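# Structural overview for review
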Amino acid sequence: MPGPEPLPAPRPASRGKGSALRAASIAIPAPFFLVGSGLTQYLGAALAVTLFAVMTPAEVAWVRIATGAVVLLAWRRPRIWRFNPRDLAASALFGIVLGGMNICFYEAIHILPLGVAVSLEFLGPVTVAVVTSGGWSGRIAGALAFARVACIGGLGLDLSDTKQLVGAAWVLGAAALWAGYIVMGQSIASRRSGITNLALGCGTAALVFAPFFSVGAVSALNSPKLVVVAVGVGVLSTVIPYSLEALAMGRLSAAMFALFNSLLPATSALIGAVTLRQLPSAWSLVGLVLISVAVGLASYPPQPLHRRG
């Protein structure tokens, strides 16, 4: 008698869109994600400058935060009831710091050239790196950072000009808030999803700052073109760069992550020169080099990067 018919061979499991996306991201070198993050983030900032004619800088910053919140919350769909009150409070405070940082930065680039503003803002992460690192590398990084301030603040900017002094104050406020953002973000991301935390934080910031800036921002968006530009600012400045960083963080050491991020001041200067025709001075270029070297030194010796997607 013939034996039983053989069972059909199991079919390979189909790969969903998420698997295909992960496979594609692995095939791309991680540093490319960080370069793309810097380019899109400061392209968004350059695009935001075009909205300053119809909105205040703070209103533009709120549009960026609110747009990012809508996209990130739709993507992550966080189940709030699964978070304890302490975690929700931490995400809320993180979001308020993030929102304040964006508002200060936009107020600054309304006055100062984009490349100069970004270079001064880098005092925040350099200070965190110097304070949390030990040895001669941290001290040398601090000296280079202060030398960069002398080049840009003392020689690249005319601080006797009240307007430029106000711009410098705004960007130093952004730097301080960026330092807080780094410390809080790393602490939270070491325990739970950094992107989900970002979604919750942006949602909180959009709600907290809405009573102050939403009315003016929404009323100014009186044409489809302005709406498209506003959405573009949110996507280019928040959604895309943070998503690209999330893809890179699990594949780079802390030293390499800081090294490639140190290219951001030069990237911003390039974007400012090409899109806004803001050519950096010679002293600003020297400062850009110094701050890049400072960030690289401050990240040595390498520490593990505790970040989760």
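As a reminder, the structure under discussion sits directly above these lines.
Every chain's residues receive numbers from 1 upward, in the order its sequence appears when written. For a predicted model such as this one, the threshold for reporting local features is a pLDDT of at least 70, and the threshold for listing and counting side-chain atom pairs is 80 or more; totals across whole chains, interfaces and linings nevertheless cover every residue. Note that water and hydrogens are dropped before the side-chain values are worked out from all heavy atoms of the structure.

On to the overall build of the protein chain, then. In this text, helices come from DSSP runs of H or I with a minimum length of four residues, and strands from runs of E with a minimum of two, each type numbered from the N-terminal end. Helix and strand counts for the protein chain come out as 13 helices and zero strands. Helices and strands appear in the protein chain in the N-to-C order α-α-α-α-α-α-α-α-α-α-α-α-α. Here the protein chain, with 309 residues, has 49% of them falling under the buried criterion. Contacts are assigned to residue pairs that have any heavy atoms within 4.5 Å of one another. Long-range contacts, defined here as pairs at least 24 residues apart, represent 89% of the contacts in the protein chain between residues at least 6 apart. For the protein chain, the computed accessible surface area is about 15600 Å², with 70% contributed by carbon and sulfur atoms. Relative accessible area decides the class of each residue, using a 1.4 Å probe on protein chains only: under 20% of the type maximum gives buried, over 50% gives exposed, and in between gives partly exposed. Computed with the Shrake-Rupley method and a 1.4 Å probe, the accessible areas treat only the protein chains shown as cover for residues.

So, about the nonpolar core. The biggest cluster of nonpolar side chains holds 58 residues, and the ones touching the most others in it are Trp62, Phe105, Tyr106, Ile109 and Tyr181. Contributing elements (two or more residues each) for this core: α2 (30–49), α3 (57–76), α4 (85–109), α5 (114–121), α8 (162–189), α9 (194–220) and α10 (224–249). Setting aside residues no more than four positions away along its own chain, Trp62 makes contact with Ala206, Phe209, Ala210, Phe213, Ser214, Ala217 and Val218. Nine residue types can take part in a nonpolar core, namely buried Ala, Val, Leu, Ile, Met, Phe, Trp, Tyr and Cys, and a core is a set of them joined through side-chain atoms within 4.5 Å.

Next up on the list: the environment of Leu198. Along the chain, the position of Leu198 falls in helix α9. Spatially, the C-alpha atoms of Leu198 and Arg76 are 9.8 Å apart, while their sequence positions differ by 122 residues. Excluding its chain neighbours within four sequence positions, the residues that come into contact with Leu198 are Leu72, Phe94, Leu98 and Tyr242.

Our next topic: unusual backbone geometry. Located in the positive-phi region is Arg77, a residue other than glycine, with phi close to 45°. Tracing the backbone shows Arg77 in the loop between α3 and α4.

Let us look at the environment of Val235. Take Val235: it is sitting in helix α10. A relative accessible area of 25% means that Val235 is categorised as partly exposed. Excluding residues within four positions of it along the chain, Val235 makes contact with Thr67, Ile240 and Pro241.

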